[in-house]
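Inside the fold
For reference, the chains in residue letters:
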Amino acid sequence: IVIIGYITQTFLISEISINKLIITGWAALAYILLLIGAITKAGAFPFHTWIPDAALNSNAAFMAYIPAAIDKLLGIYFLARITVHLYTLNNTMQIIVMSIGAITIIVAVMMAFIQTDYKRLLSYHAVSQTGYMILGIATLNPIGIAGGLFHMINNAIYKSCLFMTSGAVERQTGINNLSNLGGLFSKMPVTAICFVISAAAISGIAPLNGFFSKELVYKGTLLTGYTIFFI
């Protein structure tokens, strides 16, 4: 922020957006530093490890409101502002940011596959969803950016619900290990229904909200011409 203020002689985003910075010299360094801050706040690869670690020592309410909702909202919104309003990204930087999003989606889901702790598994899924948001914003077209921001809101809703259902299970059973859980639908039907709806939403199943935001992100990646990111 200090570097940008020194270069532009202002800290007003509205003024900087009139003559956006380009990725060169000190301005490029400033963008990289801001990018690191934004994706760390949002919990994207490779600065994501604090979210799964927090799940081990935190209750469900904390995980629902801070990493799953507030930090995602602030980190991704900040990324959108610096990417869209402060800078004009060149092709190289665009591909780098899109790659961060795509890698985050894949790596975090692969890590989620091998988790046995309920909240830690959900934490890796939260990291994966951040990848969709970053990928959408990095497309630099209105559809992709809208998809990324829309997914930011959607994720806050259904991921918070998923963490709350995990908290309900933990409260009733005292267990977080998935290997020792099962047969709870009849005993906790409301929690189970809330979980199924949220799980379907995060999976992108129509007509739930996750389907529409992911669809926008996919469309945005196709419009960039880099089909590999859509794949």
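Refer to the structure presented above.
Report on the accompanying structure.

Conventions and cut-offs
Residues numbered from 1 in each chain as written. Predicted model: local features only at pLDDT ≥ 70, side-chain atom pairs only at ≥ 80, totals over all residues. Heavy atoms only, no water. Helix = DSSP H or I, 4+ residues; strand = E, 2+ residues; numbered from the N terminus. Contact = heavy atoms within 4.5 Å. Buried < 20%, exposed > 50% of the residue type's maximum accessible area, 1.4 Å probe, protein only. Arc of directions from axis to C-beta. Phe/Tyr/Trp six-rings, centres within 6.5 Å; stacked < 30°, edge-to-face > 60°.

Focus: the environment of Ser160
Among the structural elements, Ser160 can be located in helix α8 (residues 142-173). Measuring from C-alpha to C-alpha, the distance between Ser160 and Ala61 comes to 8.3 Å, with 99 residues separating the pair along the chain. Those residues in contact with Ser160 that lie beyond four places of it in its chain are Ala64, Ala68, Ala69 and Asn155.

Section: helix α4 (residues 50-57)
Among all positions of α4, only Ile51, Pro52, Ala54 and Ala55 are buried. Angularly, the buried residues of α4 cover 155 degrees about the axis, an arc narrow enough to put them on a single face. Structurally, α4 contributes buried residues whose contacts are with α3 (25-42), α5 (60-86) and α7 (118-138).

With respect to the packing of aromatic side chains
Within the structure shown, the criterion is met by five aromatic pairs. Consider the rings of Phe211 and Phe212, whose centres lie 5.1 Å apart with planes at 80 degrees: the pair is edge-to-face. Connected via pairs of aromatic rings, a cluster forms that spans Tyr132, Tyr218 and Phe230.

With respect to unusual backbone geometry
Cis peptide bonds are those with omega within 30 degrees of zero, and the linkage from Phe45 to Pro46 qualifies with 5 degrees. Mapped onto the fold, Pro46 is located in the loop between α3 and α4. Cis geometry is adopted by the peptide bond preceding Pro207, which originates at Ala206 and carries an omega value of 5 degrees. Considering the arrangement of structural elements, one finds Pro207 in the loop between α9 (189-202) and α10 (209-224).

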